[in-house]
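Fold and contact review
The lines below spell out each chain.
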Amino acid sequence: MNRRPPAAAIFAGAAILGVAGGWLLAGGYDRSHRHDLFSTRMHRRFAALGWIERRGDLEHVPLLRDYLAWERIPALKQRAQRVIDALAATA
C-alpha cells in the first residue's frame with residue numbers, strides 16, 4: 001500500500017514554507033539596511049525608511065528631518081514625511 005498525502009496538503013505545506021521563508025528574508029534585508037538612510041542606492045534608503053517606520057521612535061525624527069532636506073526623490077521624501085508623522089502621532 002502506497003499512501004501519499006493529498007495534493008492540497010502538499011500545496012498548503014509548501015505555501016506555508018514559502019511565506020515563512022519570504023518573511024525571514026525580508027526581515028533580514030531590512031535589518032541589514034537599517035543604517036543605509038543616506039545610501040547612494042534608492043532601494044537601500046527605501047528599506048531603511050521601512051525599518052524606521054516599524055521599529056523607530058521619536059529619537060529618529062531629527063535624523064529624518066535631515067534626510068528630508070537631503071533627499072531629492074519626491075516619493076522617498078513623501079514616505080519620510082509619513083514616517084515622521086506616524087512617529088509623532090505615537091508620542
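Presented here is a report on the structure given in the accompanying data block. Worth saying up front: this structure is predicted, and the values here are computed from it rather than measured.

Parameters at a glance
Here the residue index of a chain counts from 1 through its sequence in written order. Restriction of local features to residues with pLDDT of at least 70 applies here, the model being predicted, together with a cutoff of 80 or more for giving and counting side-chain atom pairs; totals for whole chains, interfaces and linings are based on all residues. Just so you know, side-chain values use all the structure's heavy atoms and leave hydrogens and water out. Only protein chains enter the accessibility calculation, which uses a 1.4 Å probe. A residue is then buried if its area is under 20% of the maximum for its type, exposed if over 50%, and partly exposed in between. The way it works is that DSSP assigns letters per residue, a run of H or I at least four long becomes a helix, a run of E at least two long becomes a strand, and they are numbered from the N terminus. Taken from the helix axis, the directions to the C-beta atoms give the arc we talk about. Among buried residues, the Ala, Val, Leu, Ile, Met, Phe, Trp, Tyr and Cys ones that are joined through side-chain atoms within 4.5 Å form a nonpolar core. In what follows, a contact means two residues having at least one pair of non-hydrogen atoms within 4.5 Å. A helix's residues, less one, multiplied by 1.5 Å, set its expected span. The term salt bridge refers to a pairing of a side-chain nitrogen on Lys or Arg with a carboxyl oxygen on Asp or Glu at a separation within 4 Å. In summary, the pairing rule links any two rings of Phe, Tyr or Trp, Trp by its six-membered ring, whose centres are within 6.5 Å, and it sorts them by plane angle into stacked for under 30 degrees, edge-to-face for over 60 and tilted for everything else.

This part takes up helix H3 (residues 61-70). Those residues of H3 lying buried are Val-61, Leu-64, Tyr-67 and Leu-68. Each buried residue of H3 lies within a common arc of 110° when the element is viewed along its axis, so the set occupies one face. Facing away from the buried surface of H3 by more than 90 degrees, the exposed residues are Pro-62 and Ala-69.

Attention now moves to the nonpolar core. In terms of nonpolar packing, the biggest core is built from 14 residues, with Leu-37, Leu-49, Ile-52, Leu-64, Tyr-67 and Leu-87 touching the most fellow members. At the level of secondary structure, the elements contributing two or more residues to this core comprise helix H2 (42-55), H3 and helix H4 (74-89). At five residues, the largest contribution of residues to this core is made by H4. Not counting residues up to four positions away in its chain, the partners in contact with Tyr-67 are Leu-37, Phe-38, Arg-45, Leu-49, Leu-76 and Ala-80.

Examined against the element boundaries, Asp-36 turns out to sit in the loop between helix H1 (7-32) and H2. For Asp-36, the residues in contact, after removing those within four places along its chain, are Arg-44, Arg-45 and Ala-48.

Okay, H2 next. An α-helical turn contains 3.6 residues, so a residue and the one three or four places further along point in the same direction. The terminal C-alpha atoms of H2 lie 20 Å apart, and with 14 residues this matches the ideal 20 Å at 1.5 Å per residue to within 8%. Residues Arg-45, Ala-47, Ala-48, Leu-49, Gly-50, Trp-51 and Ile-52 constitute the buried set of H2.

With that settled, consider the pattern of salt bridges. Evaluated as defined, the whole model comprises two salt bridges. Among the ionic pairs, Arg-45 bridges to Glu-71, the shortest N-O distance being 2.8 Å. With Arg-45 in helix H2 and Glu-71 in the loop between H3 and H4, this residue pair connects regions lying 26 residues apart in the sequence. Note that Glu-53 and Arg-79 form a salt bridge whose closest N and O atoms lie 3.0 Å from each other. Of this pair, Glu-53 sits in helix H2 while Arg-79 sits in helix H4; the two residues are 26 residues apart in sequence, bridging distant segments of the chain.

This part takes up the packing of aromatic side chains. Here the structure, examined in full by the defined rule, presents three aromatic pairs. Seen from their ring centres, Phe-38 and Trp-70 are 5.1 Å apart, and the 70° between their planes marks the pair as edge-to-face. In this pair, Phe-38 is assigned in the loop between H1 and H2 and Trp-70 in helix H3, connecting sequence segments 32 residues apart. Under the relative-accessibility criterion, Trp-70 is labelled partly exposed at 39%. Ring centres 6.0 Å apart and planes at 40° place the aromatic pair Tyr-67 and Trp-70 in the tilted group. Taken together, the residues Tyr-67 and Trp-70, both in helix H3 and three residues apart, mark about one turn of the helix.

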